Amino acid sequence: MGVKFGKIKAAVLCGTMAATAMPAQAEMDYETVTDLLHLVMSSDRTVYTRMIVNRLAVEEKVIKASEHFKDDKALVLPAQMFRFGAEMVAEETDEFSYSLLSLWPINKQNAPTTDMEKEGLEYIAANPGENFYGEEELGGTTYFTAVYPDIAVATACYACHNDHKDSPKTDFEAGDVMGGVVIRIPMD
């Protein structure tokens, strides 16, 4: 409860700072910024997964969720929704970026491509409940890189991965780390 309360308290503090037009010289460290960004991302992803996909597709069986959502007239998968959001953010700003990656990706484009991504994903898989932070240089720019565990928060998560024909891992359970959210902020 302490960790969640601390994260919520920090989010409220950021909202208050923005609402009161905090002076421009006030700064937050990279870890705090990525923690707050992740809090919003994780909350939105969990709400969509539990209240929309899991409820409508798994519990009530009203509509299915599908990676071919347009052709199947189905719900967008939570991972796809997350990627679409990341793509929209990338169109609007280069102040940060984020992605959803895994050591066991169904879609190979979601595998780690840098040493830092791989190290971070291995760390969060081996240390449940912990985050990973580091710095890396990509294309001549130094980035603060944070990796957060992406947890199976509903049956829809692990059932989809366990049943998918291209899944390299088929024994996920509720609460397992299935991958990680990678957030990068340029430091230069």
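Structure: see above.
Model, not experiment: these values are computed from the prediction.

A.B. asks: Sorry, what's going on with the packing of aromatic side chains here?
C.D. replies: What characterises a pair of aromatic rings is the spacing of the ring centres plus the angle enclosed by the ring planes. According to the stated counting rule, one finds 8 aromatic pairs in the structure shown. Here the aromatic rings of tyrosine 30 and phenylalanine 144 are separated by 5.7 Å at their centres, their planes lie at 20°, and the arrangement is stacked. In this pair, tyrosine 30 sits in helix H2 (residues 30-59) while phenylalanine 144 sits in strand E3 (residues 141-151), placing the two residues 114 residues apart along the sequence. The exposure class assigned to phenylalanine 144 is buried, which follows from its relative accessible area of 9%. Measuring from centroid to centroid gives 5.9 Å for phenylalanine 69 and phenylalanine 84, while their planes differ by 65°, and the two rings are edge-to-face. Of this pair, phenylalanine 69 sits in helix H3 (residues 69-72) while phenylalanine 84 sits in helix H4 (residues 78-92); the two residues are 15 residues apart in sequence, bridging distant segments of the chain. According to the relative accessible area criterion, phenylalanine 84 is partly exposed, its value standing at 29%. An aromatic cluster of three or more residues is present, and its members are Tyr30, Tyr133, Phe144 and Tyr148. Of note, arginine 45 hangs over the ring of phenylalanine 82, and the distance from its end group to the ring centre comes to 5.5 Å. Over the ring of tryptophan 104 we find lysine 169, and its NZ or CZ is 5.5 Å from the ring centre.

Criteria and thresholds
Residues numbered from 1 in each chain as written. Predicted model: local features only at pLDDT ≥ 70, side-chain atom pairs only at ≥ 80, totals over all residues. Heavy atoms only, no water. Phe/Tyr/Trp six-rings, centres within 6.5 Å; stacked < 30°, edge-to-face > 60°. Helix = DSSP H or I, 4+ residues; strand = E, 2+ residues; numbered from the N terminus. Buried < 20%, exposed > 50% of the residue type's maximum accessible area, 1.4 Å probe, protein only. Lys NZ or Arg CZ within 6 Å of the ring centre and 35° of its normal.

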